[in-house]
Amino acid sequence: MSKYLVETFYTCSFKVKHYLNKIDQTELNNLEQRDDGEFEVIDIKIETRKTKSLEKNISNKNGNNISEVKMEKAISNNENKNLNKNSNFIKNVDEAISKRFSMPDRRKGYIQKATIGDHKVYLHTGEYEDGKIGEIFIDTSKEGELVKALMNNFAIAISLGLQYGVPLDEFVNAYVDTKFEPSGKVFGNDRILSATSILDYIFRELAISYLNREDLAHTPSIGKSENINEHDANSFEENNQLIKIVKDMTSKGFVRNDYKRKLVDLSDIRINLKGKK
């Protein structure tokens, strides 16, 4: 009959890979509950061994020997280290998610005026230096103070969401095809002919201008109708310094990404400014 029990404790280092379509706090909290990750063992080493006598007269009164106490302390220390690492990781992720990217003091953008029914809507946009949208303002006519205040605060909420990293796609999917009055034909916009609501019109306009969502437009793009090789257009853009400068100075939403077809290079044209004698 065996008189001793030997327990060996191992430390295992492994990693689990998860592929996510998006990253947010909810996904991170539920990450360890998922079973679709790729598991890979990196290293296994012996942490310590614990020997316990099975004879009653050798064991101490508490039933635990000195090695057991040491092992419990080692395990508790490792658990505390792991908790600290996890808390630091979660803290860093929280800080990255909750970081706000403020708009520059001097910014680009454009203003689009349109009429939906008898209601005029003015959409103002603000852009970062790289051309991404970061804020919107909405002005309406023939509306009471309550509706104007609600639209103004709605625009502020959308702007804050964009500055905190919410993709414009999420807002487009949420508000396109919403239905309420005013609705109907749209006048003043070259790509949108009708809208089911003001919000439907606004986010169709933003999707077309900043996301190239041609599926939400009612008329084809003028630039798309031209038979231009995409490779030639890209090489033209890369080699033309003037186009690069104008691109940095021009609102991306205003030109709808067709700046290279709409701009005229006048760098080789000389103008005689001398007056007639």
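The structure under discussion appears in the preceding block.
Residues numbered from 1 in each chain as written. Predicted model: local features only at pLDDT ≥ 70, side-chain atom pairs only at ≥ 80, totals over all residues. Heavy atoms only, no water.

## Describing the environment of Phe39
Note that Phe39 resides in strand β2 (residues 38-53). Look at Phe39 and you get exposed, because its relative accessible area is 55%. For the pair formed by Phe39 and Lys15, sequence separation is 24 residues and the distance between their alpha carbons is 6.0 Å. If near-sequence neighbours (up to four positions away) are discounted, Phe39 is found in contact with Phe14, Lys15 and Val16. (Helix = DSSP H or I, 4+ residues; strand = E, 2+ residues; numbered from the N terminus. Buried < 20%, exposed > 50% of the residue type's maximum accessible area, 1.4 Å probe, protein only. Contact = heavy atoms within 4.5 Å.)

## With respect to helix α4 (residues 168-175)
Every buried residue belonging to α4 is among Leu168, Phe171 and Val172, and all of these are buried. For α4, the angular spread of buried residues about the axis comes to 100°, placing them on one side. Remark: Asp177 follows α4 within two positions and exhibits a positive phi of approximately 75°. (Arc of directions from axis to C-beta.)

## Details of the nonpolar core
Generally speaking, nonpolar side chains in soluble globular proteins are found buried as a group. Core analysis: the biggest nonpolar cluster contains 31 residues, and Ile136, Ile138, Tyr201, Ile202, Phe203 and Leu206 have the highest contact counts within it. Looking at this core, the elements with two or more residues in it are β3 (111-116), β4 (119-127), β5 (133-140), α3 (145-163), α4 and α5 (198-211). Element by element, the count of residues in this core is highest for α5, at nine residues. (Core = buried A, V, L, I, M, F, W, Y, C linked by side-chain atoms within 4.5 Å.)

## Some words on α5
The end-to-end C-alpha separation of α5 is 19 Å, in line with the 20 Å expected for 14 residues at 1.5 Å each. In terms of burial, α5 is largely enclosed, as 13 of its 14 residues are buried. In the stretch just after α5, Asn212 is the one whose phi turns positive, near 55°. (Expected span 1.5 Å × (residues − 1).)

## Structural notes on the pairing of β5
Within β5, six of the eight residues are buried, which leaves it mostly tucked inside the rest of the structure. Bridge analysis of β4 against β5 gives seven bridges, and the strand direction is antiparallel. Across the sheet, Glu127 pairs through a bridge with Ile133, a residue of β5. Counted along the chain from β4 to the antiparallel partner β5, the turn is five residues long, and its residue Gly131 has a positive phi close to 95°. (Pairing = 2+ DSSP bridges.)

## Quick notes on a nonpolar patch on the surface
Taken together, the side chains of Tyr10, Phe14, Val16, Phe39, Val41, Ile44 and Ile46 make up a nonpolar region of the molecular surface, amounting to roughly 720 Å² of accessible area. Mapped by element, the contributors of at least two residues to the nonpolar patch are β1 (4-17) and β2. With four residues, the single largest contributor to the nonpolar patch is β2. As for its position among the elements, Tyr10 is in strand β1. Take Tyr10: its relative accessible area is 52%, and that puts it in the exposed class. (Patch = residues over 30% accessible without salt bridge, like charges linked within 9 Å, V, L, I, M, F, W, Y side chains within 5 Å. Areas by Shrake-Rupley, 256 points an atom, 1.4 Å probe, with all protein chains shown as cover. Salt bridge = Lys/Arg side-chain N within 4 Å of Asp/Glu carboxyl O.)

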